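Chain residues, written in single-letter form:
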Amino acid sequence: MADWQSEIQAEFDRAAQARQRNNEGQARVCARRAAGIAVREYLSRRGIRPPSTSAYDLLNLLKADPLLSPDLKLIADHLTLRVTEEFKLSVDADLIAEARKLCDELLK
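It should be emphasised that the depicted structure is a prediction, and the values quoted were computed from it without experimental measurement.

Caption draft 1: Highlighting helix 5 (residues 95–106). Between its first and last C-alpha, helix 5 extends 16 Å over 12 residues, near the 16 Å set by a 1.5 Å rise per residue. Buried within helix 5 we find L95, I96, E98, A99, L102, C103 and L106. Here the buried residues of helix 5 occupy an arc of 165° about the axis, which is enough to place them on one side. Those residues of helix 5 that are buried lie in contact with helix 1 (3–20), helix 2 (24–45), helix 3 (55–62) and helix 4 (70–79).

Here is the structure:
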């Protein structure tokens, strides 16, 4: 298994553990990091040197990719949303499931 695959799986494992502890904020962070790892690998495969190690920055960069489907751009958008003052998302989304979909699609 490639190192990036292990890193992605570890982040999803941490996300699931955080969700079990009712720590949705930490689950979102782990899901975002997993997606960031996938974006770095996606860019590398296309011969693009990732300009940042920040998952947030890479997801914002991905939203501008003309080759990306609107569905995946929406997921990238959800993964970069700021939470409200109550630490809730402004949309009803399961970021762990969405991050898994994004990873799967980017790394086919």
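Back to the text.
Caption draft 2: Structural view of the packing of aromatic side chains. By the definition in use, this model includes 0 aromatic pairs. The positively charged end of R100 is found above the aromatic ring belonging to F12, 4.3 Å away from the centroid.

Caption draft 3: Summary view of the packing of helix 1 against helix 2. Closest axis-to-axis distance for the helix 1/helix 2 pair is 7 Å, and the angle between their directions is 165°. The angle between helix 1 and helix 2 falls in the class roughly antiparallel. By crossing handedness, the relation of helix 1 to helix 2 is classed as left-handed. For the pair helix 1 and helix 2, contact is made by W4, E7, I8, E11, F12, R14, A15, A18 and R19 and by E24, Q26, A27, C30, A31, R33, A34, I37, A38, R40, E41 and R45, respectively. Looking at the contact of helix 1 with helix 2 residue by residue, the class counts come to 11 nonpolar, 1 polar and 9 charged.

The rules behind the values
- Residues numbered from 1 in each chain as written.
- Predicted model: local features only at pLDDT ≥ 70, side-chain atom pairs only at ≥ 80, totals over all residues.
- Heavy atoms only, no water.
- Helix = DSSP H or I, 4+ residues; strand = E, 2+ residues; numbered from the N terminus.
- Expected span 1.5 Å × (residues − 1).
- Buried < 20%, exposed > 50% of the residue type's maximum accessible area, 1.4 Å probe, protein only.
- Arc of directions from axis to C-beta.
- Contact = heavy atoms within 4.5 Å.
- Phe/Tyr/Trp six-rings, centres within 6.5 Å; stacked < 30°, edge-to-face > 60°.
- Lys NZ or Arg CZ within 6 Å of the ring centre and 35° of its normal.
- Axes fitted to C-alpha atoms, helices over the stretch in contact; angles between N-to-C directions.
- Parallel < 35°, antiparallel > 145°, perpendicular 65-115°, else oblique.
- Left-handed = near helix turned anticlockwise from the far one by under 90°.
- Nonpolar A, V, L, I, M, F, W, Y, C, P; charged D, E, K, R; others polar.

Just distances and angles here, no functional claims.
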